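# Structural overview
This is what each chain is made of:
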Amino acid sequence: MGVVTSAPESVWSLAAPLLEGPVWVARDAALWFVDIKGHKVHRYDPANGDKRSWDAPAQVGFVLPAESGGFVAGLQTGLARFNPVDGSFTPLVDPEPHLPGNRLNDATVDPQGRLWLGTMDDSEAADSGAIYRLAADGTCLASSPPCSITNGPAVSPDGRTLYHIDTLGGVIFACDLGADGNLTNRREFARISNEEGYPDGPTVDAEGCLWVGLYKGSAVRRYSPAGELLEVVAFQVDAITKIAFGGPDLKTVFATTANKHLSPEEKAANPRAGDLFSFTVSVPGVAGTLIREGA
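Quick summary incoming for the structure in this document. Just so you know, these numbers come straight off a predicted model, no measurement behind them. (Residues numbered from 1 in each chain as written. Predicted model: local features only at pLDDT ≥ 70, side-chain atom pairs only at ≥ 80, totals over all residues. Heavy atoms only, no water.)

## Some remarks on the overall build of the protein
- The number of helices and strands found in the protein is 1 helix and 24 strands.
- Along the first, second and third principal axes, the C-alpha atoms of the protein reach 45 × 45 × 40 Å.
- Counting every position in the protein, which comprises 295 residues, the buried fraction comes to 55%.
- Total accessible area computed for the protein in this model is approximately 11500 Å², and 51% of it derives from carbon and sulfur atoms. (Helix = DSSP H or I, 4+ residues; strand = E, 2+ residues; numbered from the N terminus. Buried < 20%, exposed > 50% of the residue type's maximum accessible area, 1.4 Å probe, protein only. Areas by Shrake-Rupley, 256 points an atom, 1.4 Å probe, with all protein chains shown as cover.)

Pasting the structure below:
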């Protein structure tokens, strides 16, 4: 029996080039997400429909809430502290100062409060991206083989498995995540052919199942912890970049989408492409962990 209880509907008409990084922030009961190519940070309050936006100084792949207040943002220029009160971005660390053609793309926080992030070639050609962990001393440690477009990571509810994605290769990887933050036993979790779509951002639910948005696949997929495809959620647009679970019971799913790959004529024919969508499910997500500096 499926867990999806409503069809995806647009809740914020943005027609944006590349929405990404949705995250439910419990402390202000709102969804935060970004438009990478539009250099925007967005906040959506589903309770009252309030919509707010901030300009970013560069391409921004994610904003994730920190225990100390505010957010850590992933910019093309590296990690920065984002303060929504005054809209400021304060540089923290650049994991790849030697790769100016790369940008930060996706990220997550594990149950111990450690920030994991991925980088990618902004031209989507060179195998120059990798997964990193922000270490306690403020440096970023590479934790994966290189690929062109990384997505994720996502971490299982028990904190023992980390998933990351080679988007162009169509491979979702699973790794054992040690208490020390090291990754071992990297293995193929699932493979998706380019004809079916490109696996984009991953997210886990309370049953440990992995949800993956499909770019040019018009759907979101839900996989069991064993890698079995359990459910496919069809969308009216073709590029779904990532989902996040939100609302008071974490059963409202928010999905970011994109239209940067569409021609002007295709955009006119698909006006919902690049919007924020939502649908509801019976299995909730997992409450997010705040970034703990020094974790």
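Still to come is the rest of the account.
## With respect to the pairing of strand E15 (residues 161–166)
- The buried fraction of E15 amounts to 6 of the 6 residues, a majority that puts the element mostly inside the structure.
- Judged by which residues are buried, E15 turns out to be covered on both faces: Thr161, Tyr163 and Ile165 on one side and Leu162, His164 and Asp166 on the other are all buried.
- Here strand E14 (residues 150–155) folds back onto E15 in antiparallel fashion, the turn holding 5 residues, of which glycine 159 has a positive phi close to 75°.
- The hairpin formed by E15 and strand E16 (residues 171–177) contains 4 residues between the paired strands, and glycine 170 there has a positive phi angle of roughly 70°. (Pairing = 2+ DSSP bridges.)

## Some remarks on the sheet that holds strand E9 (residues 88–93)
- Ordered by their spatial adjacency, 4 strands build an open sheet running E6-E7-E8-E9, and the pairing between neighbours is antiparallel. Looking at the sheet topology across the chains shown, the edges are occupied by strand E6 (60–65) and E9. Going across the sheet, the axis of each strand differs from the next one's by a mean of 30°, ignoring polarity.
- Judged from the 5 bridges that link them, strand E8 (residues 78–83) and E9 form a sheet pairing that is antiparallel. Within E9, the position partnered with asparagine 83 by the bridge is serine 88. (Axes fitted to C-alpha atoms, helices over the stretch in contact; angles between N-to-C directions.)

## Things to note about the sheet that holds strand E17 (residues 183–191)
- On the basis of which strands lie adjacent, the open sheet formed by 4 strands has the order E14-E15-E16-E17 and antiparallel pairing. Of all the strands in the sheet, just E14 and E17 have a single pairing partner and so form its edges. If you compare each strand with its neighbour and ignore which way they point, the axes differ by 25° on average.
- Sheet topology note: the E16/E17 ladder contains 6 bridges and is antiparallel. Looking at E17, one finds that alanine 174 is bridged to arginine 187.

## Focus: unusual backbone geometry
- Look at the link from glycine 152 to proline 153: it is a cis peptide, with omega at 5°.
- With respect to the secondary-structure elements, proline 153 resides in strand E14.
- Of note in the backbone geometry, asparagine 185 takes a positive phi value of approximately 55° without being a glycine.
- By secondary structure assignment, the location of asparagine 185 is in strand E17.
- A relative accessible area of 46% means that asparagine 185 is categorised as partly exposed.

## Some thoughts on the state of the cysteines
- What the rule picks out here adds up to 0 disulfides.
- Of the cysteine sulfurs around cysteine 175, a residue in no disulfide, the closest is that of cysteine 147, at 12 Å.
- Of all cysteine sulfurs, the one in cysteine 175 lies closest to cysteine 209, which takes part in no disulfide; the gap is 19 Å. (Disulfide = S-S within 2.5 Å.)

## A word on the environment of alanine 190
- Position of alanine 190 among the secondary structure elements: in strand E17.
- With a relative accessible area of 8%, alanine 190 lands in the buried category.
- Between the C-alpha atoms of alanine 190 and alanine 226, which are 36 residues apart in sequence, the distance is 9.2 Å.
- With residues near it in sequence (within four places) discarded, alanine 190 still touches Gly170, Val171, Ile172 and Tyr223. (Contact = heavy atoms within 4.5 Å.)

## Some details on the pattern of salt bridges
- Counted under the stated rule, the structure contains 17 salt bridges.
- Across the salt bridge formed by arginine 191 and glutamate 188, the nearest N and O atoms sit 2.8 Å from each other.
- Taking the relative accessible area as the measure of exposure, arginine 191 reaches 52% and is therefore exposed.
- Given the relative accessible area of 45%, glutamate 188 is considered partly exposed. (Salt bridge = Lys/Arg side-chain N within 4 Å of Asp/Glu carboxyl O.)

## Describing the packing of aromatic side chains
- Within this structure, the stated rule accounts for 16 aromatic pairs.
- Measuring from centroid to centroid gives 6.0 Å for phenylalanine 71 and phenylalanine 82, while their planes differ by 40°, and the two rings are tilted. Linking phenylalanine 71 in strand E7 (residues 71–75) with phenylalanine 82 in strand E8, this pair joins segments that are 11 residues apart in sequence. Summarising the burial analysis for this pair, phenylalanine 71 and phenylalanine 82 share the class buried.
- Judged by centre distance (5.7 Å) and plane angle (70°), the rings of phenylalanine 235 and phenylalanine 277 are edge-to-face. (Phe/Tyr/Trp six-rings, centres within 6.5 Å; stacked < 30°, edge-to-face > 60°.)

## Notes on the side chain of aspartate 166
- Mapping aspartate 166 onto the fold places it in strand E15.
- Of the side chains bearing the opposite charge, arginine 191 lies closest to the buried aspartate 166, which forms no salt bridge; the N-O distance is 7.6 Å.
- Side-chain polar atoms of aspartate 166 contact the backbone nitrogen of glycine 169, separated by 3.0 Å. (Lys, Arg positive; Asp, Glu negative; His and termini not counted. Polar contact = N/O pair within 3.5 Å; in protein donor to acceptor, adjacent residues only side chain to side chain.)

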